[in-house]
Amino acid sequence: MFKQLLVALAGTVMVLAGSARAEVDPSYRMVLLTENFPPYNMAINGKNFAQEDNIDGIAVDIIREMFKRAGIQYNMTLRFPWDRIYKLALEKPGYGVFVTARLPERETLFKWVGPIGPDDWVLLGKADSTITLNSLDDAKQFKVGAYKGDAIAQHLVEKGLEPLTALRDSENAKKLMAGQIDLWATGDPAGRYLAKQEGISGLKTILRFDSAELFLALNKEVPDEVVQKLQGELDKMRSEGFVDDILNNYL
């Protein structure tokens, strides 16, 4: 009996010690970096440098709430180019960068919190479109609009399509509504956000041909208890519907 009591007490001490280790240092502060990538993160003035309240977007709103709930201090800066801020997060303890795809080749380079939201490649049609597609091959018979120089446009070319490109992706929303193109190859939710800026809503997703999830990538030296606390708060926010509410607010 005495031996069993000792074992139980030892287990309790280990649990309490684990809980103590899991507490986040209240003085801990992070540096969060981002870029212009509407509607997830963007400078309110549209420039390539902004700080704190001058940054807006889906991911920005979610991350602010997540850090607030977690009680973790941070500074937030938007700057250009992406390669620079990615390298800073990779090399500097206490730094993080968002939003970025959690790719297999990046998995061990960072600690991850997310997903924040999707970054899919889609073909959009008008709300009353009767087009049905099973693959990109099926789209070859239609006029497909895309953003000139974009990775999506390049992907279509590689798949044997001949997209009609525009100098601004938002132009494709207007071309779609005017009947100048049948389908618009763009990102989701980026395309729907751009369409909304043009006063266009209700576009139909005809085909989703690539899918990715976007995350907050943290330097590997960020304490595990910080990562766990942030992930836990994000999970709660998602279960409460907060994340969906923010997404819908922009779209």
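Residues numbered from 1 in each chain as written. Predicted model: local features only at pLDDT ≥ 70, side-chain atom pairs only at ≥ 80, totals over all residues. Heavy atoms only, no water.

**Remarks on the packing of helix α2 (residues 58-70) against helix α8 (residues 242-250)**
Geometrically, a packed helix pair is captured by the angle between its two axes and the distance between the axes. In the contact formed by α2 and α8, the axes pass within 9 Å of each other and the chain directions differ by 150°. Relative to α8, the element α2 lies roughly antiparallel. Note on packing geometry: the crossing formed by α2 with α8 is right-handed. On α8, the residues touching I58, D61, I62, E65 and R69 of α2 are F242, V243, I246, L247 and Y250. Looking at side-chain class alone, the contact of α2 with α8 contains seven nonpolar, no polar and three charged residues. (Axes fitted to C-alpha atoms, helices over the stretch in contact; angles between N-to-C directions. Helix = DSSP H or I, 4+ residues; strand = E, 2+ residues; numbered from the N terminus. Parallel < 35°, antiparallel > 145°, perpendicular 65-115°, else oblique. Left-handed = near helix turned anticlockwise from the far one by under 90°. Contact = heavy atoms within 4.5 Å. Nonpolar A, V, L, I, M, F, W, Y, C, P; charged D, E, K, R; others polar.)

**Concerning the domain arrangement of the protein**
Once the domains are mapped, the protein shows domain 1 (29-118 + 213-250) and domain 2 (120-211). Each of domain 1 and domain 2 was reduced to a C-alpha centroid, and the two centroids are 28 Å apart. The interface is formed by eight residues belonging to domain 1 together with six residues belonging to domain 2. Summed over both partners, the interface of domain 1 with domain 2 buries about 610 Å², with 66% contributed by carbon and sulfur atoms. Three residues, P39, P118 and Y250, lead the burial of domain 1 against domain 2; their summed loss comes to 57% of the area buried on that side. Taken together, the links from domain 1 to domain 2 amount to one residue pair in polar contact (both at pLDDT 80 or more). A per-element tally of the side of domain 1 that touches domain 2 places α8 first, with three residues. The residue inventory of the side of domain 1 that touches domain 2, partitioned by class, reads seven nonpolar, one polar and no charged. (Domains from an automatic or database assignment. Buried area = accessible area lost by both parts, 1.4 Å probe. Polar contact = N/O pair within 3.5 Å; in protein donor to acceptor, adjacent residues only side chain to side chain.)

**Structural notes on the environment of A173**
Tracing the chain through its elements places A173 in helix α5 (residues 169-177). Spatially, the C-alpha atoms of A173 and L251 are 14 Å apart, while their sequence positions differ by 78 residues. The contact partners of A173, leaving out residues within four places of it in the chain, are W184, A195 and I200.

**Considering the side chain of T77**
Turning to its location among the elements, T77 is positioned in strand β5 (residues 73-78). You can call T77 buried: its relative accessible area is 10%. Beyond its immediate sequence surroundings of up to four residues, T77 is in contact with L32, L33, T34, F49, A50, Q51 and I55. (Buried < 20%, exposed > 50% of the residue type's maximum accessible area, 1.4 Å probe, protein only.)

**Describing unusual backbone geometry**
Backbone torsion omega between P38 and P39 reads 0°, so that peptide bond is classified as cis. Mapped onto the fold, P39 is located in the loop between β1 (29-34) and β2 (42-43). Backbone geometry places E52, a non-glycine residue, at a positive phi of 50°. The topology assignment puts E52 in the loop between β3 (50-51) and β4 (55-56).

**Quick notes on helix α3 (residues 82-91)**
Residues of α3 that are buried include every one of W82, I85, Y86 and A89, and no others. Across the axial projection of α3, the buried residues extend over an arc of 105°, all falling on one side. Lining the buried residues of α3 we find β1 and β6 (95-101). (Arc of directions from axis to C-beta.)

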